[in-house]
Amino acid sequence: MTEYSPTDLAAQLKSGLLSFPVTHFADDLSFDEAGYRKHLAWLAQYPVAGLFAAGGTGEGFSLTLEETDQVVRTAVHEVAGAVPVLAPATGSTANAVAQAKAARAAGADGLLLMPPYLTEASQAGLVEHVSRVCEATDLGVVVYSRANAVLRDEAVAVLADRNPTMIGFKDGVGSIEQMTRTYARVGDRLMYVGGLPTAETFALPLLQLGVSTYSSALFNFVPQWAIEFYDAVVAQDRDEVYRRLNEFVLPYLDIRDRTQGYAVSIVKGGLAAIGRPAGPVRPPLTDLREDEVAELKDLIDRIS
């Protein structure tokens, strides 16, 4: 298996599309390891630059620490070094540090540091939170700026200077000003990942702001289409990007936006629509209705 230094991992991740697979559950909401392995094996036919196990699309927020470790170990074993696998670090600082250490033991190649759960925090507090996780591991760390952990450019610059293992910044906010400020201040010291829900919607304009790749939830169920869309973005083929947005992404968003939490649920709905079900979502999320899955299937059939 390839050993990725933080620098090597950053170079690899920004070279292509990023896969954020769903986590498969049985009807009783237990982890369906066999289904997850089968899904990863199918997606392995398509070229991506990295795989993020138990991320947001993978409902990492609903997993126990033990389940997260199991999902990460399963992904590492199934992928077998073909692409780097990044594990999540979530929740409190203590839990995130524990998960960072567990990820190394599981054979993961890097970390995606999620926002801490529930509480708001100052920029100084977030700097300390991120730094403690970075200091606890020699794995490359991508920090997800979103929700109650939105990092301003000054804080990102401090973190980049203080933590050599911090390799990336994932933007879940979509502020043009803040992204411009961050890239202007930090430059290519970090790699930048588009992390807004249904990232294809924002991929082309964010490319101009230094965001060279993004997390594709659509890759779960229309992988070839997702790769072709990414290629059009990188080529800055504006006509093709907008053709595909109108053809699929925008009507897809119309379904997604009907209910809070559907950004994840609709991905499992897409897998059900193509005959590769991944099981239900866990509470507090809710599954798409049958008529919505049928509507989504019609959209998929049009681009297949």
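Each remark here, short or long, concerns the structure printed above.
Note that this is a predicted model, so its numbers are computed, not measured. (Residues numbered from 1 in each chain as written. Predicted model: local features only at pLDDT ≥ 70, side-chain atom pairs only at ≥ 80, totals over all residues. Heavy atoms only, no water.)

K.L.:
Explain the nonpolar core to me, please; I cannot follow it from the model alone.
P.N.:
One recurring pattern in soluble globular proteins is that nonpolar side chains are buried together. Counting residues in each nonpolar core, the largest one holds 90 residues, and the members touching the most others are Phe221, Phe248 and Tyr252. If you look at the next biggest cluster of nonpolar residues, it comprises 16 residues, including Ala10, Ala49, Phe52 and Met191. (Core = buried A, V, L, I, M, F, W, Y, C linked by side-chain atoms within 4.5 Å. Buried < 20%, exposed > 50% of the residue type's maximum accessible area, 1.4 Å probe, protein only.)

K.L.:
Could you clarify how one ought to interpret the sheet that holds strand S5 (residues 140–145) in this entry?
P.N.:
Strand pairing in a sheet relies on backbone hydrogen bonds. The paired strands run either parallel or antiparallel. Pairing in this closed barrel of eight strands is parallel, and the strands run S1-S2-S3-S4-S5-S6-S7-S8 around the ring. When strand S4 (residues 110–113) meets S5, the two strands line up parallel, connected through four bridges. Pairing of leucine 111 across the sheet is with valine 141, part of S5. Across the sheet, helix H1 (residues 6–13) lies against strand S1 (18–19), strand S2 (50–52), strand S3 (85–89), S4, S5, strand S6 (166–171), strand S7 (191–194) and strand S8 (213–216), angled at about 35° from S6, the strand it touches most. (Pairing = 2+ DSSP bridges. Helix = DSSP H or I, 4+ residues; strand = E, 2+ residues; numbered from the N terminus. Contact = heavy atoms within 4.5 Å. Axes fitted to C-alpha atoms, helices over the stretch in contact; angles between N-to-C directions.)

K.L.:
Help me understand the side chain of serine 19, please; the structure alone is not making it clear to me.
P.N.:
Along the chain, the position of serine 19 falls in strand S1. Contacts of serine 19, omitting those with residues within four sequence positions, involve Leu43, Val48, Gly50, Leu51, Phe52 and Phe219.

K.L.:
Before we go on, may I ask you to explain the side chain of threonine 57 in this structure?
P.N.:
Relative to the elements of secondary structure, threonine 57 occurs in the loop between S2 and helix H3 (65–79). With near-sequence residues (within four places) excluded, threonine 57 lies in contact with Phe20, Pro21, Val22, Ala217, Asn220, Val264 and Val267.

K.L.:
How should the environment of glutamate 66 be read in this particular structure?
P.N.:
Among the secondary structure elements, glutamate 66 is positioned in helix H3. Here glutamate 66 falls in the exposed class, since its relative accessible area comes to 60%. Distance in space between the C-alpha atoms of glutamate 66 and alanine 102 is 9.8 Å, their sequence separation being 36 residues.

K.L.:
I tried to follow the pattern of salt bridges on my own but got confused; where do I start?
P.N.:
Once their charged atoms are close, side chains differing in charge can pair, the charge on each being opposite to the other. Scanning the model with the defined rule gives 22 salt bridges in all. Among the ionic pairs, arginine 104 bridges to glutamate 3, the shortest N-O distance being 3.9 Å. On the criterion of sequence distance, the pair formed by arginine 104 in helix H4 (residues 93–106) and glutamate 3 in the segment before H1 is long-range, its members being 101 residues apart. What makes arginine 104 partly exposed here is its relative accessible area of 34%. A relative accessible area of 63% places glutamate 3 in the exposed class. For glutamate 128, the salt bridge identified is with arginine 132, shortest N-O distance 3.0 Å. On the criterion of helical spacing, the pair formed by glutamate 128 and arginine 132 is a turn pair, its members being four residues apart in helix H5 (residues 123–135). What you see here is one network of salt bridges that share partners, running through Glu228, Glu240, Arg243, Arg244 and Glu247. (Salt bridge = Lys/Arg side-chain N within 4 Å of Asp/Glu carboxyl O.)

K.L.:
How do you make sense of the packing of helix H10 (residues 238–256) against helix H12 (residues 290–303) when you look at a structure like this?
P.N.:
Two measures define how a pair of helices packs: the angle their axes make with one another and the distance between the axes. In the contact formed by H10 and H12, the axes pass within 10 Å of each other and the chain directions differ by 175°. Here H12 runs roughly antiparallel to H10, going by the angle between their axes. Residue-level inspection shows Glu247, Phe248, Pro251, Tyr252 and Ile255 of H10 in contact with H12, the latter providing Glu292, Glu295, Leu296, Leu299, Ile300 and Ile303. Looking at the contact of H10 with H12 residue by residue, the class counts come to eight nonpolar, no polar and three charged. (Parallel < 35°, antiparallel > 145°, perpendicular 65-115°, else oblique. Nonpolar A, V, L, I, M, F, W, Y, C, P; charged D, E, K, R; others polar.)

K.L.:
What is the right way to look at the environment of alanine 87 in this model?
P.N.:
Note on placement: alanine 87 falls in strand S3. Through-space distance from the C-alpha of alanine 87 to that of aspartate 109 is 7.8 Å; in sequence the pair is 22 residues apart. Once residues within four sequence positions are removed from consideration, alanine 87 is found in contact with Ala53, Val72, Ala103, Ala108, Gly110, Leu111 and Leu112.

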